[in-house]
Amino acid sequence: MTMVLDEVVGRETRHILQTYRRQPVTFVRGQGVRLWDAEGREYLDLLSGIGVAALGHAHRGLARAVAEQSETLIHTSNLFYHPLQGQLAERLANLSGLPRAFFCNSGTEAVEACLKFARRYWYTKGEPRAEVIALEESFHGRTFGSLSVTSDEHYRAPFAPLLGGVKFVPVNEPAALAAAVSRSTAAIIAEPVQGEGGIRPLTPAFAAAINEACARTGALFIADEVQSGVGRTGYPFYFAALGLKPHLVSVGKALGGGVPIGAALVSQEVADTISYGDHGSTYGGNLLACRAALCVLDELVGGGLLAHIGRVGLHFERRLKAIAAKHSMVKDVRGRGLMWGLELSRDAAAVVPAGLERGVVVNRTAETVVRLLPPLIITEAEVDEGLARLDAALGAVEAGS
Ligand SMILES: Cc1ncc(COP(=O)(O)O)c(C=O)c1O
């Protein structure tokens, strides 16, 4: 290890709660799709901090907006009005079709809020329902409610007992979903593209089964768009591409471009059952976070980023599939827009350090999947450069070096 890394790791080992197994690299600077470590080595970032740095690093407009807002007013709490929350909620309503927003600070809080609002809906209607149907391979976060609808036993077991009444059904099996949902079901929760579970888009047939089950039983549908939303797939939200009709949508990650903010988007039908004091957050939707999110949405819609993702996403798909065809250990390529996974016939862990050695940042999820979530501003030339480095990393892993 180098001096800087030695010192950083030493201090963290003594004082940081050891919940993360980190790669041995210390990033200190970024620009666009590139990162630099403490030794000055450059990397092409195909992960954007797990789908967060949508505008890339050190984006001039976002940096200016955040700096200017910090010099004006950062936080006042939700005891008072400020001008930006309503503006952001209006923009999200136009993008999603859900008229109301509740702001929080992370993805798990957005899911937590959706789960609470679903319970509140049935309580207000005078027929409380507690059952939630979730999917196998799902990931919704680490707080108790979100963890309760996350399927991975490894994350769940040490924290039992979790919320009762959660049933898991296999993803993309319409008959299994139809059989599980009944008039006791408060809500179905699903990621339109499963992220941590290995980049698995829901099929149109499964989406239709969700709509049908909701219509038949009155169950609410919660679309968890924390990873797939805010343009990642080339759509503002992927539920729309599948024809899904959510009553609640959780949003996080890319929304603030790196400034923490989450949101639960709420249909009018559900909103009508919520009262003052039902939920809250001290930081939720403060001026700084809203200003950052407004800047991200400006770029996404007015700035032409959505159209860009559509074009560059197709290029990404073509290049990735060409590279995958060269490596026999790649079993499947799945994704949409700028959200991709390479499923390997072996554990994908070795690809991450092999990538770092060759100057590309990727991540492993679901054991065997290499996950790619580049900044949404990535150009075709940068895609070629990043994927060439990934190609070399895959080659090195295959060759056992
Ligand atoms: C679909 C989905 N929901 C919720 C979360 C939790 O978000 P956060 O880590 O911001 O709490 C994640 C995080 O990866 C996610 O991918």
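Residues numbered from 1 in each chain as written. Predicted model: local features only at pLDDT ≥ 70, side-chain atom pairs only at ≥ 80, totals over all residues. Heavy atoms only, no water.

S.K.: Can you help me understand the sheet that holds strand S14 (residues 339–344) in this one?
M.R.: Adjacent strands of a sheet pair through backbone hydrogen bonds, lying either parallel or antiparallel. Ordered by their spatial adjacency, four strands build an open sheet running S13-S14-S17-S16, and the pairing between neighbours is antiparallel. Among the strands making up the open sheet, the edge pair consists of strand S13 (330–336) and strand S16 (363–365). The average undirected angle you get between the axes of adjacent strands in this sheet is 30°. Two strands pair when backbone bridges link them, and S14 and strand S17 (residues 369–372) are joined in this way by four bridges, in the antiparallel orientation. Of the residues in S17, the one forming a bridge with leucine 342 is valine 370. Lying over the sheet, helix H13 (residues 305–326) contacts S13, S14 and S17, oriented at roughly 10° with respect to S14. (Pairing = 2+ DSSP bridges. Helix = DSSP H or I, 4+ residues; strand = E, 2+ residues; numbered from the N terminus. Axes fitted to C-alpha atoms, helices over the stretch in contact; angles between N-to-C directions. Contact = heavy atoms within 4.5 Å.)

S.K.: Mind showing me how you'd approach the sheet that holds strand S3 (residues 42–45) here?
M.R.: Spatially, S1-S2-S3-S15 is the arrangement adopted by the four strands of the open sheet, whose pairing is mixed. Either end of the sheet is taken by a strand with one partner, and the two such strands are strand S1 (27–31) and strand S15 (360–361). The pairing of S3 with S15 spans two bridges and is parallel. Note on S15: the bridge partner recorded for leucine 44 is valine 360. Packed on one face of the sheet, helix H15 (residues 380–398) meets strand S2 (34–37), S3 and S15 and runs near 105° to S3.

S.K.: Can you help me understand unusual backbone geometry in this one?
M.R.: The linkage connecting alanine 160 with the following residue, proline 161, adopts the cis geometry, with an omega of 0°. Relative to the helices and strands, proline 161 is located in the loop between helix H7 (153–156) and strand S6 (166–169). One non-glycine residue with positive phi stands out, namely alanine 58, at about 50°. Relative to the elements of secondary structure, alanine 58 occurs in the loop between helix H2 (48–51) and helix H3 (60–72). Phi angles above zero are rare outside glycine, and lysine 253 is one such case at about 35°. Inspection of the secondary structure assignment puts lysine 253 in the loop between strand S11 (248–251) and strand S12 (262–266). You can call lysine 253 partly exposed: its relative accessible area is 23%. (Buried < 20%, exposed > 50% of the residue type's maximum accessible area, 1.4 Å probe, protein only.)

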